[in-house]
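# Close look at the chain arrangement
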Amino acid sequence: MSKPKSKNKNYYSNLYKFKSTSETNINCLKENQLWISNVYKMNDPNDLSVYIDGLSEEENDKGLDYLKVLGKNLFIASFCTKFDNKRLWNYYSDGFTGMVLSYRKSDLKKVITEQC
């Protein structure tokens, strides 16, 4: 399946992050910093859940226990490929009152490569 053509060449080379205008988010923006979250403390308890088909419930639960231990040292930054995603815009930017930040994929890849 091919991507639809866009008049904006950067549309598919950018990733977007929806944020509220909290003091923390404004300070991160001013300091050119990216906030990343500890996976263990995500707002959705299912963000760290895994189910592997073919394993018993007990085996899956044991795997989840290992993931929770790993999650204490695992961090994540979530992005969206569409700047006009109304669901994320509403939820993460305080009901459409916050901001949407645009990041070039190539810049993010460079920063991640340099930091890891």
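Everything below is about the structure printed above this text.
### Points about the overall build of the protein chain
- Each helix and strand counted, the protein chain has 4 helices and 4 strands in total.
- For the protein chain, with 116 residues in total, the buried portion stands at 20%.
- A fraction of 74% describes how many contacts in the protein chain between residues 6 or more apart in sequence connect residues 24 or more apart.
- Split by element, the accessible area of the protein chain, about 9600 Å² in all, is 53% carbon and sulfur.

### Comments concerning the pattern of salt bridges
- Applying the stated criterion across every chain, the model contains 1 salt bridge.
- Between Arg104 and Asp107 there is a salt bridge; the shortest N-O distance is 3.0 Å.
- With relative accessibility at 48%, the residue Arg104 sits in the partly exposed group.
- Judged by its relative accessible area of 37%, Asp107 is partly exposed.

### Digging into the side chain of Lys19
- Tracing the backbone through its elements, the reader meets Lys19 in strand 1 (residues 14-19).
- The buried charged residue Lys19 lacks any salt bridge, with Asp94 as its nearest oppositely charged partner at 10 Å.
- A polar atom in the side chain of Lys19 sits 3.4 Å from the side chain of Asn25.
- In this view, Lys19 contacts Asn25, Trp35, Tyr92, Ser93, Gly98, Met99 and Leu101; residues no more than four positions away in its chain are not counted.

### Comments concerning the side chain of Ser93
- Position of Ser93 among the secondary structure elements: in the loop between helix 3 (86-92) and strand 4 (99-104).
- Ignoring anything within four residues of it in the chain, the contact list for Ser93 reads Lys19, Ser20, Leu88, Gly98 and Met99.

### Some points on the pairing of strand 1
- Of all 6 residues in strand 1, 6 are buried, a share of seventy percent or more.
- Note: strand 1 against strand 4, 6 bridges, orientation antiparallel. Bridging across to strand 4, Phe18 finds its partner in Val100.

### Notes on a negative patch on the surface
- Residues Glu57, Glu58, Glu59, Asp61 and Asp65 make up a contiguous surface patch of negative charge.
- Structurally, Asp61 is set in helix 2 (residues 57-71).
- Judged by relative accessible area, Asp61 falls into the partly exposed class, the value being 41%.

### Brief notes about the packing of aromatic side chains
- Evaluation of the coordinates by the stated rule reveals 5 aromatic pairs.
- Ring geometry for Phe79 and Tyr103: centres 5.5 Å apart, planes at 80°, overall edge-to-face. Separated by 24 residues along the polypeptide, Phe79 in the loop between strand 3 (75-76) and helix 3 and Tyr103 in strand 4 bring together distant segments of the chain.
- By relative accessible area, which is 28% here, Phe79 ends up partly exposed.
- Taken together through their ring pairs, the aromatic side chains of Phe18, Trp89 and Phe96 make up a single cluster.
- The ring of Phe79 carries Lys17 above its face, with NZ or CZ at 5.3 Å from the centroid.

Calculation criteria
Residues numbered from 1 in each chain as written. Predicted model: local features only at pLDDT ≥ 70, side-chain atom pairs only at ≥ 80, totals over all residues. Heavy atoms only, no water. Helix = DSSP H or I, 4+ residues; strand = E, 2+ residues; numbered from the N terminus. Buried < 20%, exposed > 50% of the residue type's maximum accessible area, 1.4 Å probe, protein only. Contact = heavy atoms within 4.5 Å. Areas by Shrake-Rupley, 256 points an atom, 1.4 Å probe, with all protein chains shown as cover. Salt bridge = Lys/Arg side-chain N within 4 Å of Asp/Glu carboxyl O. Lys, Arg positive; Asp, Glu negative; His and termini not counted. Polar contact = N/O pair within 3.5 Å; in protein donor to acceptor, adjacent residues only side chain to side chain. Pairing = 2+ DSSP bridges. Patch = residues over 30% accessible without salt bridge, like charges linked within 9 Å, V, L, I, M, F, W, Y side chains within 5 Å. Charge placed at Lys NZ, Arg CZ, Asp CG, Glu CD. Phe/Tyr/Trp six-rings, centres within 6.5 Å; stacked < 30°, edge-to-face > 60°. Lys NZ or Arg CZ within 6 Å of the ring centre and 35° of its normal.

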